[in-house]
Number of protein chains: 2
Amino acid sequence: MKCEKDFLRVGVFDSGAGGLTVVRSLLREGLFDEIVYFGDTARVPYGTKDSNTIIRYGLEAIEFFNNFDIDILVTACNTVSAHALPRMREKSDYPVYGVIEPGIRALENRIQKRDADILVLGTRATIDSARYQRELHNLGYERVTAIQTGMFVPVVEEGIFDGEIVEAMMRHYFRDIESAPDAVILGCTHFPLISTAIEDYFGGKPVMIHSGDAIVEYLESHGLSPGAKRDTELRIFASDNVKGLREIARNWLEAEHRR
Amino acid sequence: MKCEKDFLRVGVFDSGAGGLTVVRSLLREGLFDEIVYFGDTARVPYGTKDSNTIIRYGLEAIEFFNNFDIDILVTACNTVSAHALPRMREKSDYPVYGVIEPGIRALENRIQKRDADILVLGTRATIDSARYQRELHNLGYERVTAIQTGMFVPVVEEGIFDGEIVEAMMRHYFRDIESAPDAVILGCTHFPLISTAIEDYFGGKPVMIHSGDAIVEYLESHGLSPGAKRDTELRIFASDNVKGLREIARNWLEAEHRR
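None of these values were measured; they are calculated from a predicted model.

Looking at the sheet that holds strand β3 (residues 72-75) of chain A
By definition, the strands of a sheet pair up through backbone hydrogen bonds, in either a parallel or an antiparallel sense.
Residues and elements named next belong to chain A.
Alright, step 1. Read from one edge of the open sheet, 5 strands run β4-β3-β1-β2-β9, paired in parallel fashion. What marks the edges here is a single partner per strand, and that holds for β4 (96-97) and β9 (233-238).
Alright, step 2. Relative to β9, strand β2 (residues 34-39) runs parallel, the two being bridged by 6 bridges. Opposite Ile-35, over in β9, you have Leu-234 as the bridge partner.
Alright, step 3. Here helix α2 (residues 51-65) sits on the sheet in contact with β1 (9-14), β2 and β3, set at roughly 140° to β2.

Here's what the structure looks like:
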């Protein structure tokens with residue numbers, strides 16, 4: 001990573017608005033001078049789509065970011081991270097980071113015992129890829145449950161973060177879970193927005209792993225120093241309805257300040 | 001319409017799986033020898049996207065159907081019908097039917113009194129277009145309420161047609177409705193699958209207007225004779241995960257037979 005440069009520009013790629021939760025973490029830590037965000041809102045969501053389609057969309061995002069002189073690219077989207085990273089890395093001349101490996105590292109830093117109950121939540125495509133499950137098994141975690149919780153995505157996009165719709169969905173998705181897990185991996189950038197609801201559902205017990213915080217931790221452990229940059233400029237691009245995306249950005253990033 | 005032809009082939013275009021509810025109606029009435037279905041599953045849903053994007057996708061669908069010698073095209077998707085029909089008609093050399101005008105006609109045939117309470121449900125893009133609302137007002141209907149109920153789409157796509165998630169969503173969306181409407185226009189091809197739940201919510205009172213039944217009625221009133229064709233061949237194409245779409249088709253079209 002070109003950490004010695006005076007000016008650091010990161011690209012953040014997401015299928016839609018979800019990656020703004022990663023932006024939130026990057027802004028909070030002040031790791032970059034400029035964030036170029038691209039949300040492929042014309043084709044969102046990716047999580048219900050096939051691997052080949054997701055790879056194609058990932059490669060097209062590389063084309064988009066080639067218009068900017070970015071130093072690194074973060075694919076905030078777990079679905080893209082699960083399917084398209086190797087191909088995207090082949091096609092780019094800057095480092096491309098996903099969120100799955102950082103998420104796994106963040107979990108490892110917090111949960112040492114290998115018989116802990118780990119719950120992985122993600123879209124259909126992320127869970128089907130078994131990327132989280134495989135990495136966790138490789139590290140010796142024995143009790144991993146993975147659930148496709150794709151309906152949380154449109155609910156969050158509608159601006160609903162708690163209440164009876166979210167609760168009904170949790171009862172539906174978690175119907176076979178008998179006791180609260182020790183950790184929950186929020187394997188989709190939308191899910192941090194309902195993190196509190198999920199935590200409450202499980203009685204406040206689980207450690208929550210959030211892609212945005214995980215990638216910040218990961219970048220810092222790879223040489224980016226926190227707080228070095230204070231006034232990050234955020235530029236937002238979208239393949240559809242950029243005005244709408246900018247409005248969501250204002251709401252979500254403000255919601256952060258209000259916390 | 002070329003009704004004199006021995007062999008009638010219809011194209012049915014939808015953003016994804018939803019249009020299969022229209023296929024169901026077409027199959028039931030046996031209006032065509034062959035149905036060529038195209039679901040743009042790589043970019044579904046359309047209902048959250050901008051008008052220009054929806055028009056572009058509609059025009060690309062025309063390109064797709066130019067590969068087949070279709071006699072007419074039905075755009076099953078209400079969102080496309082609301083935004084892209086004029087442009088699609090310019091670009092095609094066969095008649096292109098939407099579902100909004102047929103839906104309005106179906107309502108008019110069933111609800112005569114102009115002070116009836118009409119509830120229109122649709123995606124954001126459909127409701128924002130105000131196509132239903134304007135047509136209804138032009139016909140003198142005075143009491144029209146339109147609500148964006150986009151979250152029903154992913155719920156139906158998850159195979160959930162009733163129960164507490166659907167009920168929680170109805171309480172959310174219908175929170176300002178004080179008394180049961182006289183008619184509900186299901187202005188999205190996904191909604192017929194939760195028609196019973198909506199009807200029950202309103203105490204069984206409303207007349208339910210379903211795009212599939214409406215387009216059949218409309219085509220019949222425009223010269224296609226019902227029941228003329230018995231063994232319709234259905235060919236299904238998708239821009240992503242065609243296997244998944246064919247499976248949904250099997251489930252939904254079977255569900256119909258079981259009713």
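What follows continues from the structure just given.
Considering the pairing of β3(A)
All names here are of chain A.
Alright, step 1. Because side chains alternate across β3, one face comprises the buried residues Ile-72 and Val-74, and the other comprises Leu-73 and Thr-75, equally buried.
Alright, step 2. Note that β3 and β4 share 2 bridges and pair parallel. Within β4, the residue paired with Val-74 across the bridge is Tyr-97.

Looking at the domain arrangement of chain A
Residues and elements named next belong to chain A.
Alright, step 1. One can read the domain layout of chain A as domain 1 (9-98 + 213-258) and domain 2 (100-211).
Alright, step 2. Centre-to-centre separation of domain 1 and domain 2, based on C-alpha positions: 21 Å.
Alright, step 3. Within the residue set of the side of domain 1 that touches domain 2, elements represented by two or more residues are α1 (20-29), α3 (78-83) and α11 (211-221).
Alright, step 4. Its residues placed into classes, the side of domain 1 that touches domain 2 shows 11 nonpolar, 10 polar and 4 charged.

Quick notes on the environment of A:Pro154
Alright, step 1. Within the secondary structure, A:Pro154 sits in helix α8 (residues 152-157).
Alright, step 2. A residue is classified by how many C-beta atoms lie within 10 Å of it, and A:Pro154, with 21 of them, is buried.
Alright, step 3. Taking C-alpha positions, A:Pro154 is 31 Å from A:Pro95, a pair spaced 59 residues apart along the chain.
Alright, step 4. In this structure, A:Pro154 is in contact with B:Gly150, B:Met151 and B:Pro154, ignoring residues within four places of it in sequence.

Considering the confidence of the model for chain A
Alright, step 1. Counting all residues, the mean pLDDT for chain A is 94, and 94% of those residues have values of 70 or more.
Alright, step 2. Here the prediction assigns the complex a pTM of 0.92, and the interface score ipTM is 0.89.

What to know about the interface of chain B and chain A
Alright, step 1. In this complex, chain B contributes 17 residues to the contact, which on the side of chain A involves 18 residues.
Alright, step 2. Looking at the side of chain B that touches chain A, the elements that each hand over two or more residues are α8 (152-157) and α9 (164-173) of chain B.
Alright, step 3. In terms of residue count, the dominant contributor to the side of chain B that touches chain A is α9(B) (5 residues).

Here we look at the sheet that holds strand β6 (residues 143-148) of chain A
Residue and element names in this part refer to chain A.
Alright, step 1. The parallel open sheet is built from 4 strands, whose spatial order is β6-β5-β7-β8. The open sheet terminates on both sides in strands that have one partner only, identified here as β6 and β8 (207-210). Taken pair by pair, the neighbouring strands of this sheet meet at an average axis angle of 20°, ignoring direction.
Alright, step 2. Looking at chain direction, strand β7 (residues 183-187) and β8 are connected through 4 bridges and run parallel. Residue pairing across strands places Ile-185 opposite Ile-209, the latter belonging to β8.
Alright, step 3. Relative to the sheet, helix α5 (residues 100-110) contacts β7 and β8, its axis offset from that of β7 by approximately 165°.
Alright, step 4. Relative to β6, helix α7 (residues 131-138) is tilted by about 175°, and along the sheet it contacts β5 (117-122), β6 and β7.

Looking at the relation of the copies chain B and chain A
Mapping one chain copy onto the other needs a rotation about an axis and a shift along that axis.
Alright, step 1. In the superposition of chain B on chain A (RMSD 0.0 Å, axial shift 0.0 Å), the rotation amounts to 180°. Within this description, the copies of the chain are treated as partners about a two-fold rotation axis. For chain B, the residue whose C-alpha comes nearest the rotation axis is B:Arg43, separated from it by 2.2 Å.
Alright, step 2. By residue overlap, the copies meet face to face through one surface: 100% of the interface positions of chain B are interface positions in chain A.

Looking at unusual backbone geometry
Alright, step 1. A cis amide bond links A:Val44 with the next residue in sequence, A:Pro45, at an omega value of -5°.
Alright, step 2. Relative to the elements of secondary structure, A:Pro45 occurs in the loop between β2 and α2.
Alright, step 3. One non-glycine residue, A:Ala130, adopts positive backbone phi at about 60°.
Alright, step 4. Relative to the assigned elements, A:Ala130 resides in the loop between α6 (124-129) and α7.
Alright, step 5. Overall, the presence of 14 C-beta atoms within 10 Å leaves A:Ala130 in the partly exposed class.
Alright, step 6. Located in the positive-phi region is B:Asn241, a residue other than glycine, with phi close to 50°.
Alright, step 7. Along the chain, B:Asn241 turns up in the loop between β9 (233-238) and α12 (242-258).

Some points on the nonpolar core
Alright, step 1. Core analysis: the biggest nonpolar cluster contains 157 residues, and A:Ile185 and B:Ile185 have the highest contact counts within it.
Alright, step 2. In contact with A:Ile185, other than residues within four places in its own chain, are A:Gly103, A:Leu107, A:Ile118, A:Val120, A:Leu121, A:Tyr132 and A:Ile209.

About the cut-offs
Residues numbered from 1 in each chain as written. Chains lettered and ligands numbered in written order. Predicted model: local features only at pLDDT ≥ 70, side-chain atom pairs only at ≥ 80, totals over all residues. Pairing = 2+ DSSP bridges. Helix = DSSP H or I, 4+ residues; strand = E, 2+ residues; numbered from the N terminus. Contact = placed C-beta atoms within 7 Å. Axes fitted to C-alpha atoms, helices over the stretch in contact; angles between N-to-C directions. Buried ≥ 20, exposed ≤ 12 C-beta atoms within 10 Å, placed from the backbone. Domains from an automatic or database assignment. Nonpolar A, V, L, I, M, F, W, Y, C, P; charged D, E, K, R; others polar. pLDDT = per-residue confidence, 0-100. Least-squares fit on C-alpha atoms with pLDDT ≥ 70 in both. Core = buried A, V, L, I, M, F, W, Y, C linked by C-beta atoms within 7 Å.

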